[in-house]
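# Examining the three-dimensional arrangement
What follows is the residue order along each chain.
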Amino acid sequence: MENLAARLKELCHNNDDEGLKALALELGYTEAGKTMANFSALSDFFECEELLAQLAISALATADPDQALNNLERLSNSISVEDLRPTLTDSTRQKQLLTVLGASQFLTGILCRNKSFFQNLIINSEIDLRKTEEMMISELRKAISEQVTFEELQTLLRRYKCQEILRISSRDLNGIADLVEVTDELSSLAAATLQRAYEVSDFILKKEFGRPMVTANEDEEEKEAEFTIFGMGKFGGRELNFSSDIDLIYFYSSEKGKTTGIDGPLGTPINQIHVHNYFIKLSDMVSKAIGQVTADGFVFRVDLRLRPEGNSGEMAQPAQNAILYYESWGQSWERSALIKARPVAGSMKLGNDILQELEPFIYRRHLDYAMVEDIKGMKQKIDRSLARNEEGEINLKLGRGGIREIEFFIQALQLIYAGKKSGLRIKGSLLALEALHEEELVKDNELPILRDAYIFLRTVEHRIQVFQEQQTHNLPKRKEEMLALARRSGFEETDSFMQELNRHRDAVAEIFRELFYTSDEEIQEEVRPEITAVFDPSIDPDRIKDLLEEWGFDSPDSAYNSLVFLRDGKPFSHLTQQARRQMERIAPLILQEVLASPEPDRSLLNMEHFLSALRARGTYYALLAENHGIIKLLISLFGTSRFLSRIFIQHPEILDSLVSRSYATPYKDLPEMELELEARLFEASDYERKLETLRRYR
């Protein structure tokens, strides 16, 4: 160490750039030019070559040594030498800081942005502190007064998010906190910021419109309406990652009422609005407080697509309406989503009351064979997902043996068995896995495989996302980035990391394959996987539109709207479960035939118009599902003849005769037509009906 310090002192004193480059390469740094500049700048900053020599050696143990030194030099431009030197002369703090600097440009940017972040994390020792959700809410209430403007609310929430993400990530990277603690704290951060966003937004709206007052019955006195926010998916399970969206649903207690308004000039209330409008405004404000991108970034990305009716539904919904929707029209994937639902902000009592009402919908007391079929369908959608086909082995979440397979395995067993076994109604994946094992639904050998794989994959997922706060689950493609990821994940080199990753994925894939295993003949499909995959509602619409344009659609926006119709049916016009299953079977077949038609845009639009005109849609969907040749014939018709298409759309009942007669008889001669027509005219009782029969036959 003394020899290295002496060499650094001599080379820096003589401004020997070439000598510094050679020394950097000798030590093991790969970007000699940058490291030479870092040596020189840090030598001037600390005026102590012994400390610089120690840092040069310590940085080699980080995920990216060149990045660690370079980011330390960046930090020295923001933090005074008086504050930075004590940290770097403390061996524990030095290791912790260099680990963060060598692992994440995103976290380095936070440290450099405001010296208070460094002060809190290192000097005030917040890196050693684990915080509960209650602690975070308390801190936010002290930091953000109810009297702030909405813009100030956004700024202060984002500042707090940066402070806490820095603390949680630093604890994670340094091995101070395990995966369960990290995901729990990230979920607490999301819930705490939502709670304060709700409180301040509600205060702002009440100043403008008064309190939202409702009555359950005419006999009861008015009382203030309640509002609750559901966290879904990973948020509900307290399993958020560093770049997770937060899936939210907004509910309020009743829509029977209006706000009190505020005092007008003559003492009469003004600005009274319907309760529903109040909570739509409140939901919008909360979403923007958390999710809107400002000059300070965002707190969490907000996704509202899991609400009843999806994107077609209201942003906020009265509790009874939502309960009625789920009980009457709720689909299997919505049952699956609600397994992890929990109230995360607003009225906990209202949220828990809603969940209690929904328990019979989520957890069926008797085995639902239709549900088993739906689970098979969901599994096959995972197998054929667009990201899985496009990204293959590089996606830790959606790829073979990935995170989604483990989560689906757990949720599928919960859907089937938790109706009778209430002990399985657990929201977190690892806890639910343990409960399934206790009920002997997960084998002794499967439990450690799935548990260890989940922890490993989620940890690596964090190590990918923490580098630049990117919303990705993909392994990097560049060799040097892959090595840095391996080192962030605790491996010395890439090969050993990939061996461990593949060991986990192979084991998970084997267990997942056995879940509801069906024969090759049963799962064999007529449709290309990428076509089936675009009907997945979780895929970004812009991505689907890009694919539609690649596939030859002149108007991808219009084509996308038609696909949404094929997938979901008319807005607010619900299909029975059986009709929906039939539609899910035929929609990919329809799209594949549309792509093969001369004019895909016209074919798809005409098909949408035809299906819209059907009354007993479920019957016709079943007819098409069992007669794939008719789908080909219809698309051929819709893509080549506007005249015949118009006839079909105006008279969809013709489909019956097409299936029973015309399709089976590709050619008819005159005698055959005469016999058919005579038989039909014989059944017509009067002159007008005979004319109508002639028109229909024509």
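Residues numbered from 1 in each chain as written. Predicted model: local features only at pLDDT ≥ 70, side-chain atom pairs only at ≥ 80, totals over all residues. Heavy atoms only, no water.

## Considering helix H35 (residues 670-683)
We apply this condition: Helix and strand definitions follow DSSP, with helices as H or I runs of at least four residues and strands as E runs of at least two, each counted in order from the N terminus. Working rule for helices: expected span equals 1.5 Å times residues minus one. Here a polar contact means two N or O atoms within 3.5 Å. Within protein one must be a hydrogen donor candidate and the other an acceptor candidate, and residues neighboring in sequence count only if both atoms are side-chain atoms.
Here H35 is 14 residues long and its end C-alpha atoms lie 20 Å apart, about the 20 Å a rise of 1.5 Å per residue gives. One side-chain oxygen of the residue at the start of H35 lies 3.1 Å from the amide nitrogen of Glu672, identifying that residue as Asp669.

## Considerations on the packing of helix H20 (residues 403-417) against helix H21 (residues 429-438)
Geometry of a packed helix pair, given as the angle between the helix axes and the separation of the axes. What counts here: The axes used here are C-alpha line fits, helices contributing only the stretch in contact, and every angle between their N-to-C directions lies in the interval 0 to 180 degrees. To sort the angles, those under 35 degrees are grouped as roughly parallel, those over 145 as roughly antiparallel, those from 65 to 115 as roughly perpendicular, and the leftovers as oblique. The hand of a helix crossing depends on one turn: near helix anticlockwise from the far one by less than a right angle means left-handed, and clockwise means right-handed. Contact definition: two residues touch when any of their heavy atoms are within 4.5 Å.
At their nearest, the axes of H20 and H21 sit 10 Å apart, and the two run at 55° to each other. Judged by the angle between their axes, H20 and H21 are oblique. Of the two possible hands of crossing, H20 and H21 adopt the one that is left-handed. Contacts between H20 and H21 involve Glu407, Ile410, Leu413 and Gln414 from the first element and Ser429, Ala432, Leu433 and Leu436 from the second.

## What to know about the state of the cysteines
Put simply, the test is: For this text, the term disulfide refers to a pair of cysteine sulfurs within 2.5 Å. Categorising residues by exposure relies on relative accessible area from a 1.4 Å probe, with only protein chains included: less than 20% of the type maximum marks a residue as buried, more than 50% marks it as exposed, and the intermediate range marks it as partly exposed.
In this structure the tally under the stated criterion is 0 disulfides. With no disulfide of its own, Cys112 lies closest to Cys162 among cysteine sulfurs, the gap being 13 Å. Here Cys162 falls in the buried class, since its relative accessible area comes to 8%.

## Overview of the environment of Ser188
Of note, Ser188 is situated in helix H12 (residues 179-209). Accessibility expressed as a relative area gives 1% for Ser188, which makes it buried. For the pair formed by Ser188 and Leu431, sequence separation is 243 residues and the distance between their alpha carbons is 18 Å.

## Examining the environment of Asp546
Looking at where Asp546 falls in the secondary structure, it is placed in helix H27 (residues 541-550). Among the residues examined, Asp546 registers a relative accessible area of 46% and is labelled partly exposed. For the pair Asp546 and Tyr560, spaced 14 residues apart in sequence, the C-alpha to C-alpha distance is 10.0 Å.

## Considering the packing of aromatic side chains
Quick note on the threshold: Only centres within 6.5 Å qualify two rings of Phe, Tyr or Trp (six-membered ring in Trp) as a pair; their planes then separate them into stacked at under 30 degrees, edge-to-face at over 60, and tilted for everything else.
Overall, the coordinates contain 14 aromatic pairs when judged by the stated rule. Considering the side-chain rings of Phe230 and Phe251, the 5.0 Å spacing of their centres and the 80° angle between planes classify their relative orientation as edge-to-face. Here Phe230 is found in strand E3 (residues 227-231), whereas its partner Phe251 is found in strand E4 (residues 245-252), with 21 residues between them in sequence. Owing to a relative accessible area of 0%, Phe230 belongs among the buried residues under this scheme.

## Observations concerning the side chain of Asp184
Secondary-structure assignment places Asp184 in helix H12. Accessibility expressed as a relative area gives 19% for Asp184, which makes it buried. Excluding residues within four positions of it along the chain, Asp184 makes contact with Arg130 and Arg238.

## Remarks on the environment of Asp64
Structurally, the position occupied by Asp64 is in the loop between helix H4 (49-59) and helix H5 (65-76). Separated by 344 residues in sequence, Asp64 and Phe408 place their C-alpha atoms 35 Å apart.

## Re the confidence of the model for the protein
Counted only if it meets this: By definition, pLDDT measures how confident the predictor is in each residue, and it falls between 0 and 100.
Scored by pLDDT, the protein has a mean of 86; 90% of the residues are at 70 or more. Here helix H25 (residues 520-523) is the element of the protein with the lowest mean pLDDT, 39, and E3 is the one with the highest, 98. Across residues 519-524 the pLDDT falls below 50, and counting only partners more than four positions away or on other chains, this stretch makes 3 contacts in the model.

## Some thoughts on the sheet that holds strand E2 (residues 223-224)
Quick note on the threshold: Two strands form a pair only when DSSP identifies at least two bridges running between them.
Strand order in the open sheet made by the 3 strands is E2-E1-E5, with antiparallel pairing throughout. Two strands bound the open sheet, and with one partner strand each, they are E2 and strand E5 (257-259). The sheet contacts of helix H14 (residues 275-291) involve strand E1 (212-214) and E5, and relative to E1 the element is tilted by about 140°.

## A few points about the pattern of salt bridges
So the rule is basically this: Salt bridges are identified by distance alone: a Lys or Arg side-chain nitrogen within 4 Å of an Asp or Glu carboxyl oxygen.
In total, this model carries 40 salt bridges according to the counting rule given. Among the ionic pairs, Asp202 bridges to Lys206, the shortest N-O distance being 3.0 Å. Here Lys206 and Asp202 lie together in helix H12, a separation of 4 residues that amounts to about one turn. According to the relative accessible area criterion, Asp202 is buried, its value standing at 10%. Its relative accessible area of 24% is what places Lys206 among the partly exposed residues.

## Quick word on the pairing of E4
Burial of E4 is extensive: 7 of the 8 residues sit out of reach of the surface. Relative to E4, E3 runs antiparallel, the two sharing 5 bridges. Looking at the pairing, Phe230 lines up with Ile249 of E4. Looking at chain direction, E4 and strand E8 (residues 301-303) are connected through 3 bridges and run parallel. Following the sheet pairing, Asp245 is matched in E8 by Arg301.

## Things to note about helix H33 (residues 642-650)
How we decide: This arc is built from the directions going out from the helix axis to the C-beta atoms.
Among all positions of H33, only Ser645, Phe648 and Ile649 are buried. For H33, the buried positions fall inside an angular range of 95° around the axis, keeping them on one side.

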